[in-house]
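Observations on chain architecture
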Amino acid sequence: MKFLALAVALFAVAALLTGLHAPDAMTFLIAGAAAACAITTYLSHRLSAFLKVFEAIFASETIIFGLAFLVDELGFWPKAYANYTLPESLPFAVALFGVFIYAISFVPVVRKMTFIADPYFEEASPTQARPGFLPPITIAQNKLAIASLVFLIVINQVEVALDVRLSYFRADFTNALKNMDQAEFWRQLLLVFVPVVAVLVVSYTVEYVVTSTFVVRWRRWLTASYTAKWLSRGVHYNMLLTGLPTDNPDQRISQDIYAFIDGGGSGGGIYGYAVTALQTLTSLVSYGLVLWSLSAGFTLPGLAIVIPGVLFWVALAYSGAGTLVTHWIGRTLSALYFQQQRYEANFRFGLARAREYSEQIALLRGENSEAKAADENFANIYNNYMRIVNVRKKLTAFVRTYAQASVFVPYVVAAPFYFLGKISLGGLNQVGAAFNNVYENMNFFVTYYVGLADFRAVLNRLTSFDEAISRAKAATEHPVGVKFAGSPSGEIVFENLTLTLPDGRSLIRADDIALSPGESTLVVGPSGAGKSTLFRAVAGIWPFGAGVIREPAAKLMLLPQRPYIPLGTLRNAIAYPADAAAFDDRILRQALFTVGLPHLADRLEDHDNWQMTLSGGEQQRLSAARALIAKPDWLFLDEATSALDEDSERKLYKALAQALPDTTLVSIGHRGTLGALHTQRIAIEPRDGGAAMMVSEAREPA
Ligand code: ATP
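The present account deals with the structure reproduced in this document. (Residues numbered from 1 in each chain as written. Predicted model: local features only at pLDDT ≥ 70, side-chain atom pairs only at ≥ 80, totals over all residues. Heavy atoms only, no water.)

What follows concerns unusual backbone geometry. Across residues other than glycine, the phi torsion is negative in most instances, and most of the peptide bonds are trans. The omega torsion across Tyr576 and Pro577 is 0 degrees, close enough to zero to call that bond cis. If you trace the backbone, Pro577 turns up in the loop between α17 (570-575) and α18 (585-594). A positive phi angle is found at Lys631, which is not glycine, with a value near 50 degrees. Along the chain, the position of Lys631 falls in the loop between α20 (616-630) and β12 (634-638). (Helix = DSSP H or I, 4+ residues; strand = E, 2+ residues; numbered from the N terminus.)

Shown next, in the form of structure tokens:
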């Protein structure tokens, strides 16, 4: 970028020298704007990776358009192409865009935007891409992202330029018709219209494909990045525990990321606010220049006052007034659409829950109550929709009237000049088209301005989600509460350990209590005393408390009372969280036999909602099968056999002990019969007004 800054600075000097050689106000303006652009380009190391792309494009365009301007100024522009000189103000405008990019980088909402966008434009890991019909290539991720963005910005600007060229074609074409000039008629049609439209059509198609690919790749990358951060070890659970102000991470990942990138497919998002807005701004400036040049020499009828760019000002005022009224009528729409999304989500969620708890609802005969709740949820959708209809009714009436008026208003304004012979019929038509373009572009900005509130909400939710993840990650990696240390003796030792609840209330205290390898231990205590919390602390996911837990470098596994079974094949369910492909069928079948599920042994490939179809006891057996194939050094069973009858429980414990002779079992359980299956017992005894105390009691094996 330093080299580019130097090039812009050199151009600014060249423009200044040209200005001194052939004094002209515009040349000096361009030299000044280019000098400012050179400074912001030089300072662009302070810009975000995303904004740097825009800065580089505008700096380059300042040089390209600026040189074309200087060539023309110095009289070197080829005569044959005299009709194709660039508007004088173009290099001035792009240099100012460059300065503008630097200035907006300080706006807080832009900072938030680039904070989320930047990692995608910075990560240099290799990725595969298929550019058009070419074979796939491997390229650094950030290079591909930057190349796609540059391509899209440039192709959008080319489209605007071709569109403006078409507006001149229409004027020339109308004039050819009016002048009965057949040769010119065919020349315009075949040599101007056909090639320009052909290029435009190809360009729109290519742009569509590149935009869609760019957006979906970016979404895939950002989704994977957030999912990985959220699902990194213990972070998601820590976020739940610490209750940071981040609701529904699933929604943040599935909806907000999509909304951030391109408004969830509806336009908007960062793509809309950066690339599409830039295209619209370019179009607004270009058509503004067209109107400006068409107004050359216009005087107010009856007066001899020349108002420079009168048509441009009239168009701006007319479009501005129209869009303001549109905005005023539809000002509540954005909030109403936002509400609508929430009501739709609530309705869907209610039905999904009814499906998930179908059995419980059927047993309780809760169908009517569920249907009533669904009706009430839908009533919100209906009422809100009717509010939207009410606003849109007024909006439609205004917009339709305005759109009809827009067709002839420019003619009313420009007709007096036509009758005075100041512009041709083609020129008059061109005024009409340019007028409408200015109106449409202004409308775009108002629409985007209205949507900005939603976009800001998306940005806030994503940044607060990001902060919550970072805090939870820091808390998980460097816990301030319970500390972990190694255990040379191979025992798990609780030293001066106090576990507390998130609100700071003490739950359990333990001082120098050890779990020895090879000694199966049963942890007992009244319900709510904190037994499961102790297991969570051992697993490193309970951050609240103080003291030290010493753990050997061994493989720990914890089986909860209600196992989690992922959707998919039975094979995946048994292997979870390991990769099912890593295990031989024979091992998986053997595990099912050992835990008493022989009837499932031939269903390894079956897809099912196993959580719903298996009985509570079968789910616990499946969970035990996982332990059999994972072969941990320590196996913690938190009431993991509570759904089995006593005899089955005893058999399962024996089977586990036999199949895993090197594994130390530590269990939580309420049944008296469990005592006989363990060699050591730890009791958690509640104390009046304070934390329960952990007490170790040696026991003889049965
Ligand atoms: P049970 O034998 O009934 O399973 P337990 O001894 O295993 O009980 P824990 O699950 O450890 O008890 O819970 C101990 C206490 O901590 C309970 O009062 C519970 O309400 C509380 N508790 C557990 N998790 C949380 C949490 N995330 N936030 C607040 N309180 C919690």
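In the region of the ligand, 16 residues are neighbours, and Ser527, Gly530, Lys531, Ser532 and Thr533 sit closest. Gly530 has a polar backbone atom sitting 2.9 Å from an oxygen atom of the ligand. Interatomic distance of 3.1 Å between a side-chain N/O atom of His670 and an oxygen atom of the ligand. For the ligand, whose accessible area on its own is 640 Å², the fraction buried by protein is 63%. (Near = heavy atom within 4 Å. Polar contact = N/O pair within 3.5 Å; in protein donor to acceptor, adjacent residues only side chain to side chain. Areas by Shrake-Rupley, 256 points an atom, 1.4 Å probe, with all protein chains shown as cover.)

A few words on α18. The complete set of buried residues in α18 reads Leu588, Ala591 and Leu592. For α18, the arc enclosing every buried residue in end-on projection is 100 degrees, short of the 170-degree limit, so these residues lie on one face. Elements that come into contact with the buried residues of α18 comprise α17 and α20. (Buried < 20%, exposed > 50% of the residue type's maximum accessible area, 1.4 Å probe, protein only. Arc of directions from axis to C-beta. Contact = heavy atoms within 4.5 Å.)

Along the polypeptide, Ser516 turns up in the loop between β6 (513-515) and β7 (521-524). The exposure class assigned to Ser516 is buried, which follows from its relative accessible area of 17%. Side chain to side chain, Ser516 and Glu491 meet in a polar contact 3.1 Å long. Setting aside anything within four residues of it in sequence, one finds Ser516 in contact with Glu491, Trp634 and Thr664.

Before going further, it helps to spend a moment on the nonpolar core. Counting residues in each nonpolar core, the largest one holds 51 residues, and the members touching the most others are Phe50, Phe54, Trp218 and Phe260. Broken down by element, this core gets its largest block of residues, 8 residues, from helix α15 (residues 425-477). The contact partners of Phe50, leaving out residues within four places of it in the chain, are Thr114, Ala117, Asp118, Phe121, Leu149, Trp218, Ile270 and Ala274. Of all hydrophobic cores here, the second largest spans 37 residues; its members include Leu522, Leu592, Trp610 and Leu652. (Core = buried A, V, L, I, M, F, W, Y, C linked by side-chain atoms within 4.5 Å.)

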